[in-house]
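Examining the three-dimensional arrangement
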Amino acid sequence: MCLRLRPVGGGPLGAEAYAGVLALLGGLTPAVQALPPDAALADVRGALRYFGCDADRLAAVIRVRALALYGVDAAVGVAGNPMLARAAAREARPGGTLLIPDEPAAVREFLAGKPVGALDGVGPKVARTLCSYGLDSVGRVAAAPPAALRRILGARLGREVHERALGIDRTPVRPGSAARAVAAERAFDLDELDPVRHRRALLSLTEELGARLRTQGSGERGRGQVCRTLSLTVRCADRTTLTRTRTLGEPTAHTPTLTATAYALYEGLGLQRARVRALSLRAEDLGPAEGAARQLSLDPEDDKARRLEAVTDRLRARFGPHVIARGTLAA
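Since the structure is predicted, the reported quantities are computational estimates derived from the model, not experimental observations. (Residues numbered from 1 in each chain as written. Predicted model: local features only at pLDDT ≥ 70, side-chain atom pairs only at ≥ 80, totals over all residues. Heavy atoms only, no water.)

So, about the overall build of the chain. The helix and strand inventory of the chain stands at 13 helices and nine strands. Looking at the chain residue by residue over its 331 residues, the buried ones come to 44%. Residue pairs at least 24 apart in sequence account for 64% of intrachain contacts in the chain once pairs closer than 6 positions are excluded. Summed over its atoms, the accessible surface of the chain is roughly 17800 Å², and 53% of this surface lies on carbon and sulfur atoms. (Helix = DSSP H or I, 4+ residues; strand = E, 2+ residues; numbered from the N terminus. Buried < 20%, exposed > 50% of the residue type's maximum accessible area, 1.4 Å probe, protein only. Contact = heavy atoms within 4.5 Å. Areas by Shrake-Rupley, 256 points an atom, 1.4 Å probe, with all protein chains shown as cover.)

As structure tokens, then:
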């Protein structure tokens, strides 16, 4: 089961409401995996047996409790594995449930017409390769001979892509895995066309993520965290979702580096005049800042920026997160 969460009043999902929904799921099953900033996976097979109900009824109970306790609308996807559950949740209407029967024919029908890039693990490069052979939909990939896919993509990737086109996903729900990532989102009041406003939202996100990383675990036992990977997710007005991920040159929590990476991810999407509903950034593969290797720089501006960053972190810790902000964000 996968849940996509939205506050009833609109805007980004608050950390308290998100934690509450995760705790709600944790009361039903120990196998709950957070997918920040606004989704969660849960293996509810044991809960279905324990409560003696079907998945649709359990999903309805979860939706009602999330709404009553935390003011959150949940779109729920129910399927036999995490990949299909996530896909179903993306297509479920807010406050509704989309169930994919655990039958090969039903799974094939659900996946057949989707573009090949919708499959987990199929990025732009792999999608272009498959499309060059006429394999532009999940249905066509599923119908292709496995040996042909292995020749095109290599043995391991070809096998995995063919399995996923058939609706097979062997990855388990991983409880507690969210501890290695932090995320933040900015939702626009209206679908936003202006790239300048997109970039301003990205700057706001990297400011928030950088500050959170540098202060997580800080104090007597550590000096914050750094991330190795940054992921950008763009939600468009037509409900499509675009995601790009980049591994950083070195683990960091330095806001200018995060900002430059976020801008590069955004430019790589080639959105042009896309109507954007929300932008979210996710810092992944976290580790302690203490002991993390950092490339020394001879640029005095970089050293100045890091000293200024440390000062603003101390001010925010003492007087609140909004005590100081960049001029471009304070307007």
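For Thr 29, the location among the structural elements is in the loop between helix H1 (15-26) and strand E2 (32-35). Here the side chain of Thr 29 touches Ala 31 through a polar contact of 3.1 Å, landing on its backbone nitrogen. Thr 29 has contacts with Ala 42, Asp 43 and Val 44, leaving out every residue within four places of it along the chain. (Polar contact = N/O pair within 3.5 Å; in protein donor to acceptor, adjacent residues only side chain to side chain.)

If you check helix H11 (residues 255-269), its first and last C-alpha atoms are 21 Å apart, about what 15 residues at 1.5 Å a residue would give, namely 21 Å. Residues of H11 that are buried: Thr 255, Leu 258, Thr 259, Thr 261, Ala 262, Tyr 263, Leu 265, Tyr 266 and Leu 269. One or two positions beyond H11, positive phi appears at Gly 270, with a value near 60 degrees. (Expected span 1.5 Å × (residues − 1).)

As a further point, take the sheet that holds strand E1 (residues 2-7). Taken together, the five strands give an open sheet; going across it, the order is E2-E3-E1-E4-E5, and neighbouring strands pair in mixed fashion. Of all strands in the sheet, those with a lone pairing partner are E2 and strand E5 (97-99), marking the two edges. Along the sheet, successive strands turn relative to each other by an average axial angle of 20 degrees, direction set aside. Where E1 meets strand E4 (residues 72-78), six bridges bridge the pair, whose relative direction is antiparallel. Within the sheet, the bridge partner assigned to Leu 3 lies in E4 and is Val 76. Across the sheet, H1 touches E1, E2, strand E3 (39-42) and E4, and the angle it forms with E2 is around 160 degrees. Packed onto the sheet, helix H4 (residues 82-91) meets E1, E2, E3, E4 and E5 and runs at close to 135 degrees relative to E4. (Pairing = 2+ DSSP bridges. Axes fitted to C-alpha atoms, helices over the stretch in contact; angles between N-to-C directions.)

Summary statistics for the chain give a mean pLDDT of 84 and a share of 85% for residues scoring 70 or more. The low-confidence segment residues 218-222 (pLDDT under 50) makes five contacts with residues lying over four places distant or belonging to another chain. (pLDDT = per-residue confidence, 0-100.)

Turning to the nonpolar core, a few remarks are in order. Membership of the largest hydrophobic core comes to 32 residues, with the highest contact counts inside it found for Leu 130 and Val 141. Contributing elements (two or more residues each) for this core: E3, H4, helix H5 (104-112), helix H6 (124-132), helix H7 (138-143), helix H8 (146-153) and helix H9 (155-165). For this core, the element with the highest residue contribution is H4, accounting for six residues. Not counting the four nearest positions on each side in its chain, Leu 130 is found in contact with Val 116, Leu 135, Val 141, Leu 149, Leu 153 and Val 161. Formed by 30 residues, the second largest nonpolar core is a distinct cluster that contains Ala 184, Leu 230, Ala 253 and Leu 286. (Core = buried A, V, L, I, M, F, W, Y, C linked by side-chain atoms within 4.5 Å.)

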